[in-house]
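Per-entry structural report
Below, each chain spelled out in residue letters.
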Amino acid sequence: MPDQQAEKKVVVVGGGPAGVFAAIEAKRTDPALQVLLLSDEACEPYEKPPLSKAVLTGKALPEHALIAGPKGMAVHGVTLACAPVTAIDRATREVIAADGRRFRYDALVLATGSLVRELSQLPLGMPRVHYLRTEADARPLAAALRDCKHLVVVGGGLIGLEVAASATELGIRTTVLEVAPRILGRVCDEDTSAFIAEEHRRHGVDLHTATAIVGVRSATDGIEIETSAGAILSADAVVVGTGVKPNDALAAAAGLKTDGGIVVDEHCRTADPAIFAAGDAVRFPAPHGLIRLENWKHAQDQGAIAGRNAAGGSEVYRTVPSFWSEQYDLYIQGVGFPPPQPTERIRRPLAGKSLLLFEIADGILVYAMGINAQRDLAAARRLIERRIPVDAAALADPSRPLASLLKANA
Ligand SMILES: Cc1cc2nc3c(=O)[nH]c(=O)nc-3n(C[C@H](O)[C@H](O)[C@H](O)COP(=O)(O)OP(=O)(O)OC[C@H]3O[C@@H](n4cnc5c(N)ncnc54)[C@H](O)[C@@H]3O)c2cc1C
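On a predicted model such as this, the values are computed, not experimentally measured, just so you know. For every chain, the first residue of the written sequence is number 1, and numbering continues from 1 along that sequence. Totals for whole chains, interfaces and linings use all residues, but because this is a predicted model, local features are given only for residues with pLDDT of at least 70 and pairs of side-chain atoms are given and counted only at 80 or more.

Take helix α3 (residues 158-169) next. Strands here are runs of E lasting at least two residues and helices are runs of H or I lasting at least four, both read from the DSSP assignment and numbered beginning at the N terminus. Here the expected length of a helix is defined as 1.5 Å per residue gap, with one fewer gap than residues. If you check α3, its first and last C-alpha atoms are 16 Å apart, about what 12 residues at 1.5 Å a residue would give, namely 16 Å. Three exposure classes are used, based on other C-beta atoms lying within 10 Å of a residue's own C-beta, which is placed from the backbone: buried for 20 or more, exposed for 12 or fewer, and partly exposed in between. Across the 12 residues that make up α3, a large majority, 10, are buried. For α3, every residue scored as buried is listed here: L158, I159, G160, L161, E162, V163, A164, A165, S166 and A167. Taken together, the buried residues of α3 touch α2 (135-146), β10 (150-154), β11 (173-177), α4 (190-202), β16 (237-240) and β22 (322-327). Here contacts are defined at the residue level, using C-beta atoms placed from the backbone and a cut-off of 7 Å between them.

In structure tokens:
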């Protein structure tokens, strides 16, 4: 009989993109490894971005977009088990599941993602109140939207605005309440935020900034929200999109360092050499100190490196962060680290609903943001990654394709 104990095992906790790519890459790096992915969701890992878009508008189901591809994890040689992990026994190198099962590991990857930030006035579980993180949140929300006449969205960040766009597409009267003076304050500059706000208003969204919730009342046929502007809004449903926080309690309870996220080094390794971590849950070294990112590409890329390193590699994770969002016919993208004080901010005039903004620090492009400008954003990413010196006049000139700046410096 083969000695089960002698087989090297990588265990991954978390079935988001970071966990899935960690598991697949660990197996690909060393096919002799036994790789086990433990998820607290009873389904094949699926993509979260469609949950606020095509899943709400009824154009797709979560199971239509599996992270590992249509055939799931098994074709990659990874074993998937539904097992919420409640503790890590670092002394015996085992993770313990809620049902008491213990899984031994030689290397462990934590990819536990994020949790929604709960608003005390609109707690999780309150009737007609929805938060959106998982497919188990998206399905009842999609069902509720079918009978919804008036939706209130709390939070003018990316998720809240995507939900507002989806609801509007379904013909639902939608009100967005944002407590800050403008929407997308954490994501883009004032002009871009004004441009996106205008698009929402043009589609009929009633958008209120600098507006807080001062009261909530449940009624038999709806929910009433009282705002700081003195309005009483009667809604059939409320979606709260007020951000997320790192899901790092499991790591903290195991004595691993957390500081607004699981702290890892450039190899995605925690202070315990057998434990790696990746994705939304993690704080990692970047050029300006430790940072945490909440986007799909980061989760995928960091997860892949954590998995390869768990299988014996020693790769360094460096990233140029990026995000995308889809609202109506706007494809919004950002790439790079927005500097606190750009030496120059350049807006390239584009036709129609397109927009391009560049931020330069010391002659180097450090951040680019675009709407409906995918090709230019791809070129901007390469300029940023390669730290190619840029000419401000060329960036501002709509007749100069950005790719030509790359060629000029090839
Ligand atoms: C509705 C929505 C839309 C989004 N749209 C975009 C977009 O358009 N563009 C973009 O760039 N990003 C988008 N994002 C963000 C992106 O999906 C996340 O950044 C990404 O999913 C993070 O990946 P992750 O693997 O780190 O964590 P997660 O995807 O959060 O996965 C973590 C997984 O771990 C599981 N887990 C947690 N604790 C345990 C435990 N103890 N035991 C077992 N399992 C556990 C969780 O249930 C979850 O399945 C969106 C997110 C949401 C929610």
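All right, on to the pairing of strand β1 (residues 9-13) then. The buried fraction of β1 amounts to four of the five residues, a majority that puts the element mostly inside the structure. Orient the strands so they point away from the viewer; a crossover is then right-handed if the path from the first strand over the helix to the second runs clockwise. What joins β1 to strand β2 (residues 34-39) is helix α1 (residues 17-29), and the crossover it makes is right-handed. Here, any two strands with at least 2 DSSP bridges between them count as paired. Where β1 meets strand β7 (residues 107-110), four bridges bridge the pair, whose relative direction is parallel. Considered in β7, the bridge of V11 is made with L108.

It is worth spelling out the site of the ligand at this point. Only the C-beta atom, placed from the backbone, is used; a residue is near a molecule or strand if that atom lies within 6 Å of it. Taken together, 36 residues surround the ligand, and among them G14, G16, G113, G279 and A299 come closest. Contributions of two or more residues to the shell around the ligand are made by α1, β2, α6 (296-310) and β22. Only Asp, Glu, Lys and Arg are considered charged, only Ala, Val, Leu, Ile, Met, Phe, Trp, Tyr, Cys and Pro nonpolar, and every remaining residue, Gly among them, polar. Per-class residue counts for the shell around the ligand are 17 nonpolar, 13 polar and six charged.

This paragraph deals with the domain arrangement of the protein chain. Residue ranges labeled as domains rest on an automatic or database domain assignment. Domain boundaries assigned for the protein chain yield domain 1 (4-115 + 244-310), domain 2 (118-240) and domain 3 (329-408). If you average the C-alpha positions of domain 2 and of domain 3, the two centres end up 31 Å apart. On the domain 3 side, the residues contacting the seven residues of domain 2 number five residues. Along the lines of polarity and charge, the residues of the side of domain 2 that touches domain 3 split into four nonpolar, one polar and two charged.

Let us look at the sheet that holds strand β19 (residues 275-277). Sheets are built from strands paired through backbone hydrogen bonds, the pairs being either parallel or antiparallel. Judged by pairing direction, the sheet is parallel, and its five strands sit side by side in the order β3-β2-β1-β7-β19 without closing on themselves. Two strands close off the open sheet at either side, each with one partner strand: β3 (78-82) and β19. Each strand axis lies, on average, 20° off the axis of its neighbour in the sheet, ignoring direction. Here β1 runs beside β2; their pairing, made up of five bridges, is parallel. Within β2, the position partnered with K9 by the bridge is Q34. Helix axes are fitted to C-alpha atoms over the stretch in contact, other axes to C-alpha atoms as well, and angles between N-to-C directions run from 0 to 180 degrees.

Two numbers describe how α1 lies on α6: the axes approach to 7 Å, and their chain directions differ by 35°. Crossing angle aside, the handedness with which α1 passes α6 is right-handed. Residues P17, A18, G19, V20, F21, A22, A23, I24, E25, A26 and T29 of α1 touch α6, and the partners they reach there are W296, A299, Q300, Q302, G303, A304, A306, G307, R308 and A310. A class-by-class count of the residues in the contact of α1 with α6 yields 13 nonpolar, six polar and two charged. Helix crossings fall into two classes, left-handed where the near helix is turned counterclockwise from the far one by less than a right angle and right-handed where it is turned clockwise.

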